[in-house]
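Architecture and fold: a report
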Amino acid sequence: MSTASLQRDEILLLFDVDGTLTYPRTNIQPEFEAFLYSKVKPLANIATVGGSDLEKMFEQLNGKKILGEFDFLFPENGLVQIDHGKEAGKQNIIQHLGEPTLKRFINFVLRNLSELELPIKRGTFIEFRNGMLNVCPMGRQCTRSERNMFVEYEKKHNVREEMIKVLQEEFADVDLQYSIGGQISFDVFPKGWDKTYALRYIEANYNFKEIHFFGDKTEPGGNDYEIFIDPRVISHKVATPEDTRRILTDLLKISDS
Ligand SMILES: [Mg+2]
């Protein structure tokens, strides 16, 4: 049976945000938005699953109206679950790890960073989110040119990789996982708290015949990798929103007018 012959409530389309619905670090384009809401949404349930928080999702997808447009929103890899505009659940790294372990980790990272030599340093070295910590050796409060300086430096020194090795050793007793995304930072989160986390909520509450995932960072180490290879989803690799549109048009047999 082809996907196009399924009912709306039998299909879930799960989209990564950055690079999939939008070009990297920009906002969704009006044409793509219109296509998604008027052509795709009538045919299938639509959902986002992004690495960043809900505020960032609002920013990239043109505001809070997405609460009404999408059937589901899964910011922070689905650790926050929004079901038809309402928050249905939230998982939290403090509860999961416990305060003592979390503090031990943060103290170690700060000590390590204080001894790390870099050409420049700015502010905000650890950003605390619901489901993860984001560690930025140079500090997130930097300009674009300062960011580029780090990128150049990192080509020779692998700052983030080296630091992850140290952390893996020091915290071998804690079930943490590390992921290098973006240019200047890396994420730390409990094992299994990648984008497949969103599927737990879906599986527990809904029964779709097909779940499709669209993402751009699908190689090992990329933040779409785990969900991309998950047998519960039919996966589509894209490089741009144009790819996403082309695949959707094909999949749902949308007339291109
Ligand atoms: Mg992406």
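Everything numeric here is computed off the predicted structure, so don't read it as measured data.

**A closer look at the domain arrangement of the protein**
- Taken domain by domain, the protein holds domain 1 (3-91 + 194-251) and domain 2 (93-190).
- Carbon and sulfur atoms make up 35% of the area that domain 1 and domain 2 hide from each other, which totals about 910 Å².
- When the buried surface of domain 1 facing domain 2 is broken down by residue, Arg25, Glu76 and Gln91 rank first, second and third, together holding 48% of it.
- Counting every contact that joins domain 1 to domain 2 gives four residue pairs in polar contact (both at pLDDT 80 or more).
- Class assignment for the residues of the side of domain 1 that touches domain 2 results in two nonpolar, four polar and five charged.

**Considering the packing of helix α5 (residues 99-114) against helix α7 (residues 159-170)**
- Across the interface, α5 lies against α7 with an axial gap of 12 Å and an inter-helix angle of 145 degrees. As for the relative orientation of α5 and α7, their crossing is right-handed in sense. Contacts from Arg104, Phe105, Phe108, Val109, Asn112 and Leu113 of α5 reach α7 at Met163, Val166, Leu167 and Glu170.

**Things to note about the UniProt feature "binding site: Mg(2+) 2" (unreviewed entry) in the protein**
- With numbering aligned to this structure, UniProt lists the feature "binding site: Mg(2+) 2" (unreviewed entry) at Asp230.
- With respect to the element layout, Asp230 can be found in the loop between α9 (225-228) and β11 (234-237).
- Residue classification places Asp230 among the buried residues on the basis of a relative accessible area of 10%.
- Filtering out sequence-adjacent residues up to four positions away, Asp230 remains in contact with Thr196 and Leu199.

How each quantity is defined
- Residues numbered from 1 in each chain as written.
- Predicted model: local features only at pLDDT ≥ 70, side-chain atom pairs only at ≥ 80, totals over all residues.
- Heavy atoms only, no water.
- Domains from an automatic or database assignment.
- Buried area = accessible area lost by both parts, 1.4 Å probe.
- Polar contact = N/O pair within 3.5 Å; in protein donor to acceptor, adjacent residues only side chain to side chain.
- Nonpolar A, V, L, I, M, F, W, Y, C, P; charged D, E, K, R; others polar.
- Axes fitted to C-alpha atoms, helices over the stretch in contact; angles between N-to-C directions.
- Helix = DSSP H or I, 4+ residues; strand = E, 2+ residues; numbered from the N terminus.
- Left-handed = near helix turned anticlockwise from the far one by under 90°.
- Contact = heavy atoms within 4.5 Å.
- UniProt positions renumbered as here; feature names shortened; annotations may be inferred.
- Buried < 20%, exposed > 50% of the residue type's maximum accessible area, 1.4 Å probe, protein only.

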